[in-house]
Amino acid sequence: MGIILSYLSYLWNGDAGAAAPAIDWDRTDPATGLTARQKKFVTDTWELVKKDIKGNGVELFIRFFERRPDAVPRFRSFVGVPLEELRHSKRLLAHTNSVMYALDSVVASLDDPECLHEMLLKMGENHGRRRVTEQEFLDLKVVLMDLLKDKLDIHLNEEGEEAWSKTIDVAYKGIFEGMKSEVVQ
Ligand code: HEM
């Protein structure tokens, strides 16, 4: 935890550019609305989440299903399976891996908005076909933010929280666009 806190204070106190003075850390990328500092924070802290990408992915969805038990039937094979059993299910792991690696691609593509947009549209179309709702995504965001705060202690730093919130919003903007084009009313 000490290492994480020192890292956060290093990044936010303005020293992050010390080794690379050419970077304007406060410049906002018009495509994502994120500053260079926010992007660096998100990519660096995601590396910490990735240290236990499987465990964190399963935890994310178990917490999501606790919050939204009505969303479990979206996953046909999970219907009727108790949450504690799901926690150890390879099927849940297979799905959460897909989600976590998709998030990994989102983070990795923050500097390539066109590629990011295409990827998000596709993801939205796939979820629209499954009738996943925007509200389910928004509830997953609440759970994801809580998980990040628990894992990264970013609750100590409002700016870090804002960086992550904005990143998820960027992802959802593209996903929701794709969902709207696909969902049958
Ligand atoms: C950050 C949010 C999310 C990301 C990045 C994400 C990503 C993915 C990916 C990459 C796949 C596999 C590829 C595909 O078939 O599209 C997938 C499958 C799926 N997702 Fe999501 N997803 C998210 C949120 C949700 C939510 C909120 C729900 C429903 C409540 C959901 C339901 C599903 C279902 C039912 C599948 C198919 C699973 C299967 O066939 O076993 N996803 N998701």
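Residues numbered from 1 in each chain as written. Predicted model: local features only at pLDDT ≥ 70, side-chain atom pairs only at ≥ 80, totals over all residues. Heavy atoms only, no water.

The protein chain is annotated in an unreviewed UniProt entry as Globin domain-containing protein of Gryllus longicercus. UniProt annotates the protein chain under Sequence similarities (unreviewed entry) with the comment "Belongs to the globin family." (UniProt positions renumbered as here; feature names shortened; annotations may be inferred.)

1. Re the side chain of Glu 136
Note that Glu 136 resides in helix H7 (residues 134–152). Within polar-contact distance, the side chain of Glu 136 engages the side chain of Arg 74 at 2.9 Å. A distance of 2.9 Å separates a polar side-chain atom of Glu 136 from the backbone nitrogen of Thr 133. Residues contacting Glu 136, with those up to four places away along its chain left out, are Phe 64, Arg 68, Ala 71, Arg 74 and Arg 131. (Helix = DSSP H or I, 4+ residues; strand = E, 2+ residues; numbered from the N terminus. Polar contact = N/O pair within 3.5 Å; in protein donor to acceptor, adjacent residues only side chain to side chain. Contact = heavy atoms within 4.5 Å.)

2. Re the coordination of the iron atom of the ligand
Donation to the iron atom of the ligand from the protein comes from one atom only, His 127 (NE2), at 2.1 Å. Of note, His 127 is situated in helix H6 (residues 113–129). (Donors = N, O, S within 2.8 Å, 3.2 Å for Na, K, Ca; no water.)

3. Focus: the site of the ligand
Around the ligand lies a shell of 18 residues, among which Phe 75, His 95, Asn 126, His 127 and Arg 130 are the nearest. Side-chain polar atom of His 95 to a nitrogen atom of the ligand: 3.1 Å apart, as the coordinates give it. At 2.5 Å, a side-chain N or O of Arg 130 approaches an oxygen atom of the ligand. Counting only elements with at least two residues in the shell around the ligand, the list comes to helix H5 (90–108), H6 and H7. Sort the elements by how many residues they give to the shell around the ligand and H5 lands first, with five residues. Of the residues contributing to the shell around the ligand, the split by class is 11 nonpolar, four polar and three charged. (Near = heavy atom within 4 Å. Nonpolar A, V, L, I, M, F, W, Y, C, P; charged D, E, K, R; others polar.)

4. A short note on unusual backbone geometry
Look at Arg 131: it is not a glycine, yet its phi comes out positive at around 65°. Assignment of secondary structure puts Arg 131 in the loop between H6 and H7. Classification of Arg 131 by relative accessible area gives partly exposed; the value is 45%. (Buried < 20%, exposed > 50% of the residue type's maximum accessible area, 1.4 Å probe, protein only.)

5. Side note on the pattern of salt bridges
Enumeration according to the criterion identifies 19 salt bridges in this entry. Here Asp 44 and Lys 40 are joined by a salt bridge, their closest N and O atoms 2.8 Å apart. Linking Asp 44 with Lys 40, this pair stays in helix H2 (residues 36–50), spanning four residues, or about one helical turn. Taking relative accessible area as the criterion, Asp 44 reaches 23% and is therefore assigned partly exposed. Classification of Lys 40 as partly exposed rests on a relative accessible area of 26%. Salt-bridge contacts for Lys 149 lead to Asp 146; the nearest nitrogen and oxygen are separated by 3.7 Å. Of the two residues, Lys 149 and Asp 146 both sit in helix H7, three residues apart, roughly one turn of that helix. Residue Asp 146 is classed as partly exposed on the basis of its relative accessible area of 35%. (Salt bridge = Lys/Arg side-chain N within 4 Å of Asp/Glu carboxyl O.)

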